[in-house]
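Understanding the architecture of this molecule
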Amino acid sequence: MREVLYYAPTELTEATAILADHRDKAAVLAGGTDLLPKLNYYEVKPHALLYIGRLGLSSIHNGSSALTIGATTTTADLATHHLVQQYAPALAQAARLSGSVAIQNAATIGGNIANASPAADLVVALLALDASVRLLSHSGQRDVHLADFFLGPHLTILQPDELITQIHVPLSPGKTEFLKLGRRKGQTLAVVSVAVRLQLDGDLCHDARIVLGSMAPTPLRCRTAEHLLRGQKITTDLIHQAATQAIAESSPITDQRATAWYRKKAGEALVQRALLQALDKKEVRP
Amino acid sequence: MKKKGVGMSCVLHPTGNKGAGDPSQAAIQLKPDGTFALLVGAVDIGQGSNTILRQFAADALGVPIEKILVSNFADDFAPLCLGSFASRVTLIDPHAVVNAVEDLKRRIREWVANEWEANPEDIEFDGETVYLRGDRERRSMTMDQIAAGANFGGGYNPGFLVGTGAWQPAKFHAHDPETGEMPAVGAISFGCCIAEVEVDTETGVVDVTRLVQVWEVGKAVNPLLVRAQINGGLHIGMGYALTESSYPYWPTEDYAPEKLGDYFMPTFLDYPPELIYGIEEVPHPAGVQGAKGFSEGSSNGPPPAIIAAIHDAIGVWIDTYPATPEVILKALEAKKASE
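A brief report on the enclosed structure follows. (Residues numbered from 1 in each chain as written. Chains lettered and ligands numbered in written order. Predicted model: local features only at pLDDT ≥ 70, side-chain atom pairs only at ≥ 80, totals over all residues. Heavy atoms only, no water.)

Along its length, chain A carries eleven helices and 14 strands. For a compact globule of 286 residues, the expected C-alpha radius of gyration is about 19 Å, and chain A comes in at 19 Å, within 12% of that figure. Expressed as lengths along the three principal axes of its C-alpha atoms, the size of chain A is roughly 60 × 45 × 30 Å. Every one of the 286 residues in chain A was classed for burial, and the buried ones make up 55%. For chain A, the proportion of contacts with a sequence separation of at least 24, taken over those separated by at least 6, is 62%. Accessible area of chain A: about 12,400 Å², with a carbon and sulfur share of 50%. For chain A, the distance from the average position of its 28 positive side-chain charges to the average position of its 25 negative side-chain charges is 6 Å. (Helix = DSSP H or I, 4+ residues; strand = E, 2+ residues; numbered from the N terminus. Rg over C-alpha atoms; globule rule 2.2 N^0.38 Å. Buried < 20%, exposed > 50% of the residue type's maximum accessible area, 1.4 Å probe, protein only. Contact = heavy atoms within 4.5 Å. Areas by Shrake-Rupley, 256 points an atom, 1.4 Å probe, with all protein chains shown as cover. Lys, Arg positive; Asp, Glu negative; His and termini not counted. Charge placed at Lys NZ, Arg CZ, Asp CG, Glu CD.)

If you want it as structure tokens, here you go:
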């Protein structure tokens, strides 16, 4: 491997200036769990590495309307932090089921988003929670809904000079669940994962989110299935219909983890289960 | 829906070869500080052969195990051993070790008898003390004293006290022309495995909820290691039964695993919450103190037991390994279609 410039700035302005200088020749390094294997196999050949672990972006704060999570907050912190457990239990669950302990200690929420894997555990939960990301560049910042962030496998709207600095998770009421099916129980990538959120108004479903992982080129919000539930009384029949509809919206592929056929079969069962289990969960109240 | 089932398997595992010739050698040296350096060829790949061979040497010498240092540091310098395979080391190498110890004792007898101008046959061992029969009060030396004397002199004759030993199972003899009988292996170990599973009929996921494995090992030289071997076998067996696959079992050749990370072994989370093991001991005439190997056999028990348990749970015989969730779901669909 040829020599690579290594930057580890402590100021955000410094970091964005470095990105502006190197543009797409720079690779952003946080936990490194996705980047380093790519470097080792020469799948990416950056001229510069920008380490963002010294920018003070590892924190979880409770604002009046949202949780603010710093981009370099680790998966382990998400799994164990009391604010995440209280206000975003589905995110804590996704973090707990992600990778190994070693991976959880290194991998960051910003990295999970930026890597844009269709199987990203945290992203599936974050989409069900209506999260948005803050993107910073030398020329300014913008907030983008996570649902608008992904373009395809490992493709996002993130510009070469932009850095993910924060993730905002709105404090909204609802019952949530995250389920993941892998090829084994631990240290496994999702064959199919699902996150749901049900906002109930007595017997009626006021609003719903159904998100699938590993079932499309990007983590997928199943909007038609969500619409089926909205304003309706939740019954087992309706849940089955919604699950069938959610799978109809998906477009999984066959890969080394499973066939598309299996993903659809098991995915439907998983959506049903997530909706039913969410109903039994304690309601999150901001 | 989750369906429970129970399945059982019985395993017969050959340990040590016969016809091919299956020798091992060992050497043991009395070191200047009174400890013993045991050289073996058997490779300890984590199975614990170094530990049990120390046990055998300590036992044969009548000294604490701490006095035995063992090394198999390099094939170029180690005594010959055919290898750590065929569950052969526990059956064969202890013979070589015990023979080497007897040889060392003979050398020590000769050296001590020479010092005392006595007959080597009158020299007795009592743990770390060596004495002249009938005159223990006046004619007695500890191993430390012998070691210092032989290695450093100081009034004693110099000596290099090393014993060597070798062993292999009885010679191969041609098959019996009348019966066709042919002794192909050194010994056989027997195992039994019972698995309880829960099959999720909607996702095809199989959870092994309880597993019992019992092995007849001749003599459990080190029960902790025997238990670890049984549980280690479960790891390999569960992977074989449920997750590990390579071409042609992947969806297509393009997805064949390229590196170890792609090769799916179970994790601790996949282990049965309830894991029971048992050890039976029927001393085998071919082994030192009745010991024989068994360890590879313990990976053979779980796959058929798990497959039988799946059959008990859902009424389908899975005839391909691994029984992945996809294989299970397809089998359930085929069953439904045929009904």
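Okay, back to it.
Time to look at the interface of chain B and chain A. Listed per partner, the contact involves 21 residues of chain B and 20 residues of chain A. Summed over both sides, the interface of chain B with chain A buries roughly 2,000 Å², with 58% coming from carbon and sulfur. Our count for the contact surface shared by chain B and chain A stands at four salt bridges. Summed over the shared surface of chain B and chain A, the number is nine residue pairs in polar contact (both at pLDDT 80 or more). A total of five residues in the side of chain B that touches chain A trace back to one element, the largest contributor, which is helix H6 (residues 325–338) of chain B. Here the residues of the side of chain B that touches chain A sort into nine nonpolar, three polar and nine charged. (Buried area = accessible area lost by both parts, 1.4 Å probe. Salt bridge = Lys/Arg side-chain N within 4 Å of Asp/Glu carboxyl O. Polar contact = N/O pair within 3.5 Å; in protein donor to acceptor, adjacent residues only side chain to side chain. Nonpolar A, V, L, I, M, F, W, Y, C, P; charged D, E, K, R; others polar.)

With that out of the way, let us pick up the sheet that holds strand S14 (residues 220–221) of chain A. Residues and elements named next belong to chain A. In space, the four strands of this open sheet follow the order S11-S12-S13-S14, with antiparallel pairing throughout. Of all strands in the sheet, those with a lone pairing partner are strand S11 (175–182) and S14, marking the two edges. Taken together, the two bridges between strand S13 (residues 204–213) and S14 define a ladder with antiparallel strand orientation. In the strand pairing of S14, Val 211 is matched with Arg 221. In the packing of helix H10 (residues 236–249) onto the sheet, the strands contacted are S13 and S14, and the crossing angle to S13 comes to about 40 degrees. (Pairing = 2+ DSSP bridges. Axes fitted to C-alpha atoms, helices over the stretch in contact; angles between N-to-C directions.)

Bringing the pairing of strand S2 (residues 26–29) of chain A into the picture now. All names here are of chain A. As paired strands, S2 and strand S3 (residues 48–51) are joined by four bridges and run parallel to one another. Bridge assignment links Leu 29 to a residue of S3, and that residue is Tyr 51. Note on the crossover from S2 through helix H2 (residues 35–40) to S3: the handedness is right-handed. (Right-handed = clockwise from strand over helix to strand, strands pointing away.)

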